[in-house]
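Analysis of the macromolecular model
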Amino acid sequence: MMAGFHPLAVRWFRERQGTPSPPQRLGWPAIARRQRCLIPAPAGSAKTLTAFSKYLDLLWQEPDLPEGVRVVHAWPLRALSHHVERNLHEPLREISALAAREAVPLREVGVAVRTGETPPEPCRRLSRRPPHTLITAPESLYPS
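Quick summary incoming for the structure in this document.

Cut-offs applied
- Residues numbered from 1 in each chain as written.
- Predicted model: local features only at pLDDT ≥ 70, side-chain atom pairs only at ≥ 80, totals over all residues.
- Heavy atoms only, no water.
- Helix = DSSP H or I, 4+ residues; strand = E, 2+ residues; numbered from the N terminus.
- Rg over C-alpha atoms; globule rule 2.2 N^0.38 Å.
- Buried < 20%, exposed > 50% of the residue type's maximum accessible area, 1.4 Å probe, protein only.
- Contact = heavy atoms within 4.5 Å.
- Areas by Shrake-Rupley, 256 points an atom, 1.4 Å probe, with all protein chains shown as cover.
- Lys, Arg positive; Asp, Glu negative; His and termini not counted.
- Charge placed at Lys NZ, Arg CZ, Asp CG, Glu CD.
- Pairing = 2+ DSSP bridges.
- Axes fitted to C-alpha atoms, helices over the stretch in contact; angles between N-to-C directions.
- Patch = residues over 30% accessible without salt bridge, like charges linked within 9 Å, V, L, I, M, F, W, Y side chains within 5 Å.
- Salt bridge = Lys/Arg side-chain N within 4 Å of Asp/Glu carboxyl O.

Further remarks concern the overall build of the protein. Secondary structure summary: the protein contains 5 helices and 3 strands in total. In the protein, the succession of helices and strands from N to C terminus is α-α-α-β-α-β-α-β. The C-alpha atoms of the protein give a radius of gyration of 15 Å, which matches the 15 Å a tight globule of 144 residues would have. Overall, the protein is about 45 × 35 × 25 Å in size when its C-alpha atoms are taken along their principal axes. Counting all 144 residues of the protein, 42% fall into the buried class. For the protein, restricting intrachain contacts to residue pairs at least 6 apart in sequence, the fraction spanning at least 24 positions comes to 64%. Roughly 8,800 Å² of accessible area belongs to the protein as shown, and the carbon and sulfur atoms make up 56% of that amount. Computing the positive centroid from 20 side-chain charges and the negative centroid from 13, the protein places the two 4 Å apart.

Right, let's talk about unusual backbone geometry for a bit. Its identity is not glycine, yet Ala103 carries a phi of approximately 55°, on the positive side. With respect to the helices and strands, Ala103 occurs in the loop between helix H4 (81-102) and strand E2 (111-114).

Attention shifts here to the sheet that holds E2. Read across the open sheet, the 3 strands follow the order E1-E3-E2; overall the sheet is parallel. Each of the sheet's edge strands pairs with one partner strand only, and the pair in question is strand E1 (71-74) and E2. Strand-to-strand, the axes of this sheet are offset by a mean angle of 20°, without reference to chain direction. Contacts from H4 reach E1, E2 and strand E3 (133-136) within the one sheet, and its direction differs from that of E2 by about 180°.

Another aspect to go through is helix H2 (residues 22-32). Taken together, the buried positions of H2 are occupied by Pro23, Gln24, Gly27, Trp28, Ala30 and Ile31. On the buried face of H2, the contacting elements are helix H1 (7-16) and helix H3 (47-61). Directly beyond the C-terminal end of H2, a positive phi value near 60° is found at Arg34.

Moving on, we come to a nonpolar patch on the surface. Together, Val69, Val72 and Leu141 give the surface a local cluster of nonpolar side chains, amounting to about 240 Å² of exposed area. With respect to the helices, strands and loops of the structure, Val72 is situated in strand E1. The partly exposed category is assigned to Val72, whose relative accessible area is 45%.

Note that all results are geometric; they support no functional claim without further evidence.
Here you go:
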């Protein structure tokens, strides 16, 4: 079911999650084809990990990953954006640590949160060095 995933991502997933959940089994093929998809499932069913795991994998395997935002996760509840960021950083840290232990090169994938409540200085830093993955609230996507 994880065919095409980076070997380190497969290993981490199997050690941490075991077998893919129904949202993962159904969502990964569409995400791999870079299609938009909606993954309706109850809370706690790994929807966020479903989306991010495949997108992170695509970023890791892209031959020449350019600087800049490649994935936008528009989270409808601004208050939960930082929760989503923490849930993304955990697998990133663990997979990077696994790569370091195994001496396998793995590019760093930048992640940041930007909402309407983000102070000006962090916004300027994001403009100067944009992350590969941006977690934001939908209203932050509108031009000001």
